[in-house]
Amino acid sequence: MVVEWFYLATPIVALAVMVVVQAVMLRLRRGEQFFGSVVTGFAAGLLAVLALQVALLIVFPRNLDRWVLALLANPAIYVMLAYCFYNFINLGHASIRIRIFKECDDRGGFITHEELRTVYDDELIKEARLKRLLEGGDVVRDGDRWKLVNPRLVPVAKMVFGLKKFVLGRESEFDHLN
């Protein structure tokens, strides 16, 4: 096996450590302290990438390019992967907050509870999502049923919900409300 593959794999291994540690922390804390689990997972992954780099430099100390990869590139790649992962799992919360910020700003810095409920009513959100699926040709209405026509995004949805279930212990941030 080529030694460089070990160097290239370390940021991915560190990301896996981050994900597993975060998932374990969320389960131990029963879903509380989401951000704390992210920080703990990130720190564990950072320690993993650094430890792996040190181990690889000790075992394979020959070339200068490997030192550059180990000391500069791999920690930076890990941080970027961790940032992407955090944004992936935080996407649902962030998109709602961003919309609420915009609604508040559009109304001069505040929004009443009733105004917010009219904008973010569950039924309105569901109807808007179904309309996009209809317009995109992904589903059709067949009487009182919705029929999947184009399953192109089903594998993506399964992957997203699988990752959410693995990390968060549930498929949605709202599962604990049911």
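Values in this document were obtained by computation on a predicted structure and should not be read as measured data. (Residues numbered from 1 in each chain as written. Predicted model: local features only at pLDDT ≥ 70, side-chain atom pairs only at ≥ 80, totals over all residues. Heavy atoms only, no water.)

Asker: What exactly am I supposed to notice about helix α6 (residues 154–168) here?
Answerer: Along its 15 residues, α6 runs 20 Å from first to last C-alpha, staying within 8% of the 21 Å computed at 1.5 Å per residue. Among the residues making up α6, those that are buried are Lys 164, Val 167 and Leu 168. In an axial view of α6, the angular spread of the buried residues amounts to 80 degrees, which keeps them on one side of the axis. Exposed and oriented more than 90 degrees from the buried face of α6 are Pro 155, Lys 158 and Met 159. Positive phi appears at Gly 169, one or two residues downstream of α6, with a value of about 80 degrees. (Helix = DSSP H or I, 4+ residues; strand = E, 2+ residues; numbered from the N terminus. Expected span 1.5 Å × (residues − 1). Buried < 20%, exposed > 50% of the residue type's maximum accessible area, 1.4 Å probe, protein only. Arc of directions from axis to C-beta.)

Asker: For this particular structure, what's the right way to read the side chain of Gln 53?
Answerer: The topology assignment puts Gln 53 in helix α2 (residues 34–59). In this structure Gln 53 touches Tyr 7, Thr 10, Leu 69, Ala 70 and Asn 74, once residues within four positions along its chain are discounted. (Contact = heavy atoms within 4.5 Å.)

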